[in-house]
Amino acid sequence: MKENLDQIDRSLLRALQRDARLSQRELAETVGLSQNACWRRLKTLYEGGLIEGHTIRLDPARLGLNLTVFVMIRTRHHSKDWLATFRQEVSAIPNVIDFYRIAGDYDYMLKVVAEDMNAFDRVYQRLIEKIDLDTVTSYMTMEAIADARDLPI
């Protein structure tokens, strides 16, 4: 469901996407509102569920996570029980940072971060030992050109 947002709401959201640490005063100044008006709008956006939380972006390389892999999965199973098990097992792997059900040649796509190829292999082995999968294809990235971009609002 698309929200009906005016230009001020969009400006608030853009500013928060760039820097969620902005104080309410700084945010109000950025969008041209009083602090009270800014607070009321933010409260509405939170209560409506449009803002889901506050996060920070970490530098994976500085944390030793030098390898990013997109894992494409095809399965023969599509039952509700299998899917529940699959979701539970994949969600329990901390290195899987994004997880999608997709259309096309594959059924699922995972974004995995790891220290190196050996660490990724441990993730891969954990994945295939717990779940019956048809095809698993992995694509190692060489460079992140645009990663964790802001939503276009």
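Preceding this paragraph is the structure being described.
Because the structure is predicted, anything quoted here is derived from the model rather than measured.

Chemist: Looking at this model, I keep getting lost on the overall build of the protein. Mind explaining?
Modeler: Looking only at helices and strands, one finds five helices and four strands in the protein. Traced from its N-terminal end to its C-terminal end, the protein shows the element sequence α-α-α-β-α-β-β-α-β. For the protein, the spread of C-alpha atoms along the three principal axes comes to 55 × 40 × 25 Å. Out of the 153 residues in the protein, the part that is buried amounts to 27%. Taking contacts inside the protein between residues at least 6 apart in sequence as the whole, the part at least 24 apart equals 66%. Carbon and sulfur atoms form 49% of the exposed surface of the protein, whose accessible area is close to 10900 Å².

Chemist: Honestly, the sheet that holds strand β3 (residues 108–114) in this entry has me stumped. Any pointers?
Modeler: In a beta sheet, neighbouring strands pair by backbone hydrogen bonds and run either parallel or antiparallel. Read from one edge of the open sheet, four strands run β2-β3-β1-β4, paired in antiparallel fashion. Where the open sheet ends on each side, the last strands, each with one partner, are β2 (96–101) and β4 (135–140). Strand-to-strand twist in this sheet, taken as the mean axis angle between neighbours without regard to direction, amounts to 20 degrees. Each of β1 (67–74), β2 and β3 is contacted by helix α4 (residues 80–91), which is oriented at about 160 degrees to β2, the strand it contacts most.

Chemist: Before we go on, may I ask you to explain the side chain of Thr75 in this structure?
Modeler: As for its position among the elements, Thr75 is in the loop between β1 and α4. One polar contact links the side chain of Thr75 to the main-chain amide nitrogen of His77, over a distance of 3.0 Å.

Chemist: Can you help me understand the pattern of salt bridges in this one?
Modeler: Any two side chains of opposite charge can pair, given that their charged atoms come close. For the coordinates displayed, the defined rule picks out nine salt bridges. Asp6 is paired through a salt bridge with Arg41; the nearest N and O atoms lie 2.9 Å apart. Of the two residues, Asp6 sits in the segment before α1 (7–18) while Arg41 sits in helix α3 (residues 35–47), which places them 35 residues apart along the sequence. Across the salt bridge formed by Arg41 and Asp9, the nearest N and O atoms sit 2.9 Å from each other. Taken together, the residues Arg41 in helix α3 and Asp9 in helix α1 connect sequence positions 32 residues apart. Taken together, the shared-partner salt bridges in this structure form one network comprising Asp6, Asp9 and Arg41.

Chemist: Quick question: what am I supposed to make of the packing of helix α2 (residues 24–31) against α3 here?
Modeler: For the pair α2 and α3, interaxial distance at closest approach is 9 Å and the crossing angle is 95 degrees. As far as their axial angle goes, α3 and α2 are roughly perpendicular. Residues Gln24, Arg25, Leu27 and Ala28 of α2 touch α3, and the partners they reach there are Gln35, Cys38, Trp39 and Leu42. In terms of residue class, the contact of α2 with α3 is built from five nonpolar, two polar and one charged.

Reading the values: rules and limits
- Residues numbered from 1 in each chain as written.
- Predicted model: local features only at pLDDT ≥ 70, side-chain atom pairs only at ≥ 80, totals over all residues.
- Heavy atoms only, no water.
- Helix = DSSP H or I, 4+ residues; strand = E, 2+ residues; numbered from the N terminus.
- Buried < 20%, exposed > 50% of the residue type's maximum accessible area, 1.4 Å probe, protein only.
- Contact = heavy atoms within 4.5 Å.
- Areas by Shrake-Rupley, 256 points an atom, 1.4 Å probe, with all protein chains shown as cover.
- Pairing = 2+ DSSP bridges.
- Axes fitted to C-alpha atoms, helices over the stretch in contact; angles between N-to-C directions.
- Polar contact = N/O pair within 3.5 Å; in protein donor to acceptor, adjacent residues only side chain to side chain.
- Salt bridge = Lys/Arg side-chain N within 4 Å of Asp/Glu carboxyl O.
- Parallel < 35°, antiparallel > 145°, perpendicular 65-115°, else oblique.
- Nonpolar A, V, L, I, M, F, W, Y, C, P; charged D, E, K, R; others polar.

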